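# Working through the structure, step by step
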Number of protein chains: 2
Amino acid sequence: MAADAAVQTSPETIGRRERKKVQTRTALLAAAAELFTAQGFDATTVDQIADAVDVSQRTFFRYFLTKEDVALEPVRAVEGRFLELLRLRPPTEPPLQALRRSSALTWQALREERLDEQHAVAVALLSANPGLAATDAHRSEAHRAAMVEALTHHRGTTRGLAELVVEVFSSAHRVAQRRWAESGSANLDDLAGELDSTLDLLPEVLETT
Amino acid sequence: MAADAAVQTSPETIGRRERKKVQTRTALLAAAAELFTAQGFDATTVDQIADAVDVSQRTFFRYFLTKEDVALEPVRAVEGRFLELLRLRPPTEPPLQALRRSSALTWQALREERLDEQHAVAVALLSANPGLAATDAHRSEAHRAAMVEALTHHRGTTRGLAELVVEVFSSAHRVAQRRWAESGSANLDDLAGELDSTLDLLPEVLETT
DNA sequence: TGCCATCTGGCACAGACTGACGCATGCGGA
DNA sequence: TCCGCATGCGTCAGTCTGTGCCAGATGGCA
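As recorded in an unreviewed UniProt entry, chain A goes by TetR family transcriptional regulator and comes from Klenkia sesuvii.

### What about the overall build of chain A?
Of the regular secondary structure elements, chain A holds twelve helices and zero strands. Across its three principal axes, chain A shows a C-alpha extent of roughly 60 × 45 × 30 Å. Looking at the 209 residues of chain A, the share that counts as buried comes to 32%. For chain A, the share of sequence-separated contacts (at least 6 apart) that also reach a separation of at least 24 residues comes to 55%.

### Some words on the relation of the copies chain B and chain A
Each copy of the sequence occupies a distinct position, and chain B is placed on chain A by a rotation of 179° and an axial shift of 0.2 Å, giving an RMSD of 0.1 Å. Interpreted geometrically, this transformation is the action of a two-fold axis. Judged by C-alpha distance, alanine 134 of chain B is the residue of chain B that lies nearest the rotation axis, at 2.4 Å. Most of the interface of chain B is mirrored in chain A, where 91% of its interface residues are also at the interface.

### Some thoughts on the UniProt feature "DNA-binding region" (unreviewed entry) in chain A
Here the UniProt feature "DNA-binding region" (unreviewed entry) sits at residues 45–64 of chain A. End-to-end, the C-alpha atoms of residues 45–64 of chain A are 14 Å apart, and along that stretch the chain is 75% helix and 0% strand.

### Here's the deal with the nonpolar core
Residues Leu151 and Val165 of chain A together with Leu151, Val165 and Ala172 of chain B are the most contacted members of the largest nonpolar core, which totals 56 residues. With 36 residues, the next largest nonpolar core counts Ala50 and Val123 of chain A together with Leu28 and Leu72 of chain B among its residues.

### Focus on the protein's contact with DNA strand D
Around DNA strand D, 20 residues are found, and the nearest of them are Arg58 and Thr59 of chain A together with Gly15, Arg17 and Thr66 of chain B. Listed by contribution, the elements that provide at least two residues to the surface near DNA strand D are helix H2 (16–39) and helix H4 (57–63) of chain A together with helix H2 (16–39), helix H3 (46–53) and helix H4 (57–63) of chain B. No other element matches H2 of chain A, which puts four residues into the surface near DNA strand D.

### So, the interface of chain B and chain A
Facing 33 residues of chain B, the contacting portion of chain A comprises 30 residues. Among the secondary structure elements, those contributing two or more residues to the side of chain B that touches chain A are helix H6 (95–112), helix H8 (130–139), helix H10 (159–183) and helix H12 (202–206) of chain B. Tallying contributions element by element places H10 of chain B first for the side of chain B that touches chain A, with eleven residues. The class makeup of the residues in the side of chain B that touches chain A is 18 nonpolar, ten polar and five charged.

### A short note on the environment of leucine 105 of chain B
Residue and element names in this part refer to chain B. Relative to the assigned elements, leucine 105 resides in helix H6. On the basis of neighbour counts, which here come to 17 C-beta atoms within 10 Å, the residue leucine 105 falls in the partly exposed class. Note: C-alpha distance between leucine 105 and glutamate 149 (44 residues apart in sequence) is 20 Å.

### Quick look at helix H9 (residues 141–151) of chain B
Residues and elements named next belong to chain B. All buried positions along H9 are accounted for by Met147, Val148, Ala150 and Leu151. Each buried residue of H9 sits inside an arc of 165° when the element is viewed along its axis, so together they form one side. When the buried face of H9 is taken as reference, the exposed residues oriented beyond 90 degrees from it are Glu141, Ala142 and Ala145. Buried residues along H9 sit in contact with helix H5 (67–87), H6 and H10.

Rules behind the numbers
Residues numbered from 1 in each chain as written. Chains lettered and ligands numbered in written order. Predicted model: local features only at pLDDT ≥ 70, side-chain atom pairs only at ≥ 80, totals over all residues. Helix = DSSP H or I, 4+ residues; strand = E, 2+ residues; numbered from the N terminus. Buried ≥ 20, exposed ≤ 12 C-beta atoms within 10 Å, placed from the backbone. Contact = placed C-beta atoms within 7 Å. Least-squares fit on C-alpha atoms with pLDDT ≥ 70 in both. UniProt positions renumbered as here; feature names shortened; annotations may be inferred. Core = buried A, V, L, I, M, F, W, Y, C linked by C-beta atoms within 7 Å. Near = placed C-beta within 6 Å. Nonpolar A, V, L, I, M, F, W, Y, C, P; charged D, E, K, R; others polar. Arc of directions from axis to C-beta.

As structure tokens, this is what we get:
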């Protein structure tokens, strides 16, 4: 009976092997986050992270391609959530507004799942390590491409326009995120506020042509 | 008399030591560019570059902090030219237009000094190596800050607005540069055209709010 | 000519990352 | 229940980037 229940509930269907993998992966992520915030990204070696979880360095690199990836993984997760929400937006909605709304909803979801602190930590790590931010810019290219894909044909938007919209939105997002990190706030509402006021400045930008 | 002349003409004032330094630096830059375009950035080792100029690897790292820096140095040079021209713009000119005009003038200058090919090579290298582009984004932060500095108070522009203007312009610049690289053109006029048509799309971006 | 600052080469080493090999463990079928 | 296979993991050895250190070579200058 108990076994049957375990077999039927899909998430628990996975065997011991799979469970262990998830375990070590999670442990590596946690250990890395802790060490990075405690000692800084550069000062932390991969060996330290692996030792903290009691696996070999080689195993670490089987879970994460690079040391940067283990730091950026939370960011990637949030981007995934954001994309899901963006794809649910009605095609009648203007692209830039769809992006703005999806951001707000993403942060709301993070807060409801008590992931806001974790996200704040990741963002802080990013703005404290410019090199890491550069890698992030690279790694998020796929994400931007997916955003373009989701927005093309939104209310007759051409691909070329969608590309520019995404770039502009990403710029505003970066500016807002930087200001938020500098303010030292860990409240996602403040981040939303920064993004709003930044986006509201856009019309003035055009007047400078 | 001859000595006096040498002392007075500032560029030739430098002695043999300084001249040799410029020589090796130039040689390293040239060898790196050649190897990078021939074999790709990742496939080229620092040892290869150093060997090509017949200096030790250790010496290479005394001229360039990282392998990436030797690849990005031409880009930094162009940014310098751009900034000089931007600072000469009349303060009555709207910021975004000042940026646009400075770009055009920079490319014109590059062409006149027959540096357009070299620049095309650097841009091609950038768009062929996303990782390098990420580092470039990081390294160009100082450049963007300088642009903000130059534009603040331009026609009553606040710093906050200037920051956003620079971000938006940089976005358009990236988009245009990517399209130009994809088109395979080595003509700087085409790049200017791409930038113009991208910037002209900006009003439509705002309509998507 | 001789002294001093600077440049350079070579060495040793840390840290990120990779390929190969063998062992151990979990999984599925007979 | 037992066996064979797939998979994950550790170990080892090695590459490449980047750095500190010291000794020798070279240029500038009195």
